[in-house]
Amino acid sequence: AGTGKSFIAVYKAIEEVLDKTSSFHHVIIVRSAVQSRDLGFTPGSVEEKMSLYEQPYMQICHTLFGRRDAYEALKECGRVEFISTSFIRGMSFDDSIIIVDECQNMTFEELSTIMTRVGYRSKIIFCGDYKQTDLYRNNKDKSGLLKFHNIARLMASFTSIEFTTDDIVRSSLVKDFLIATEKYERKESASNT
């Protein structure tokens, strides 16, 4: 947490898409509609409901461009598209950089479906942390990230980047908390063996 996984992925993808010499034309952000707490019934259209999941990308684009409307402007000109895993079947993404964010909240089947959407002249970036999964509440759903990662490591075209607490940039408080959490979990694990 706090290492800038989403920020770095969005920044580098937009930078590449906006480069006039780039062969990539779109950034496709894919995210599962899994939340950390049940909010009950949320009124509105599908677009209005999904806009809640777009908030991090609005904030990232605001930071990158210094404009509150930067994300919406990129969407309007067709450079950025947001989609939920709920609606991805049957699609193919060509000439795109696909960012699969918060992928620890996806089942293996969702990750596999997304992976098979990659079209011509496209690349895909998976961002996630298996320690941050929100799927613990539903016994039939479990994160597919570790299985997916183990399979992807067998591919020649796959690269993995892992961050540690040394890479946390959000704040020193977040860094201190996560270091303390790791110490606590090691102590608990040692006392249980």
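This text goes with the structure placed above it.
Everything numeric here is computed off the predicted structure, so don't read it as measured data.

For the rest of this paragraph, the subject is the overall build of the protein chain. Across its full length, the protein chain carries seven helices and four strands. Along its sequence from the N terminus, the protein chain presents helices and strands in the succession α-β-α-α-α-β-β-α-β-α-α. Here the C-alpha radius of gyration of the protein chain, 18 Å, is about what a compact globule of 193 residues would show, namely 16 Å. Expressed as a percentage of its 193 residues, the buried residues of the protein chain come to 34%. For the protein chain, restricting intrachain contacts to residue pairs at least 6 apart in sequence, the fraction spanning at least 24 positions comes to 74%. Where the 25 positive side-chain charges of the protein chain centre and where its 27 negative ones centre are 3 Å apart.

Counting buried positions along strand β1 (residues 26-31) gives five out of six residues, so the element sits mostly inside the fold. With five bridges connecting them, β1 and strand β3 (residues 96-100) associate as parallel partners. Note on β3: the bridge partner recorded for Ile28 is Ile98. Here β1 pairs with strand β2 (residues 80-84) via five bridges, running parallel. Bridging across to β2, Val27 finds its partner in Val80.

Our focus in this paragraph is the pairing of strand β4 (residues 123-126). Strand residues, when the strand is regular, have side chains that alternate between the two faces of the sheet. Sheet topology places β3 next to β4; four bridges connect them, and they run parallel. Bridge pairing in β4 links Ile98 to Ile124. For the crossover from β3 across helix α5 (residues 108-115) to β4, the handedness is right-handed.

Glancing now at the pattern of salt bridges. Tallying each qualifying case throughout the model produces five salt bridges. With its nearest N and O atoms 2.7 Å apart, the salt bridge here joins Glu15 to Lys12. Taken together, the residues Glu15 and Lys12, both in helix α1 (residues 5-18) and three residues apart, mark about one turn of the helix. Note that Glu16 and Lys123 form a salt bridge whose closest N and O atoms lie 2.9 Å from each other. Highlighted residues: Glu16 in helix α1 and Lys123 in strand β4, separated in sequence by 107 residues. Glu16 gets classed as partly exposed once you look at its relative accessible area, which sits at 27%. We classify Lys123 as partly exposed; its relative accessible area is 34%.

Glancing now at the layout of surface pockets. A water-sized probe, rolled over the atoms, reveals where empty space remains. Approximately 1400 Å³ is the volume attributed to the largest pocket. Around the largest pocket sit 39 residues that line it, and Lys5, Gly128, Ile161, Glu162 and Phe163 are the ones nearest its centre. Of all the elements in the fold, those that place two or more residues in the lining of the largest pocket are α1, β4, α6 (145-152) and α7 (172-191). Of the volumes computed, that of the second largest pocket is approximately 590 Å³.

Calculation rules
Residues numbered from 1 in each chain as written. Predicted model: local features only at pLDDT ≥ 70, side-chain atom pairs only at ≥ 80, totals over all residues. Heavy atoms only, no water. Helix = DSSP H or I, 4+ residues; strand = E, 2+ residues; numbered from the N terminus. Rg over C-alpha atoms; globule rule 2.2 N^0.38 Å. Buried < 20%, exposed > 50% of the residue type's maximum accessible area, 1.4 Å probe, protein only. Contact = heavy atoms within 4.5 Å. Lys, Arg positive; Asp, Glu negative; His and termini not counted. Charge placed at Lys NZ, Arg CZ, Asp CG, Glu CD. Pairing = 2+ DSSP bridges. Right-handed = clockwise from strand over helix to strand, strands pointing away. Salt bridge = Lys/Arg side-chain N within 4 Å of Asp/Glu carboxyl O. 1 Å grid on protein atoms, 1.4 Å probe; cavity = no way out; pocket = protein on both sides within 12 Å on 5 of 7 lines; lining within 4 Å. Points joined across faces, edges and corners; volume = space filled by probe spheres on them.

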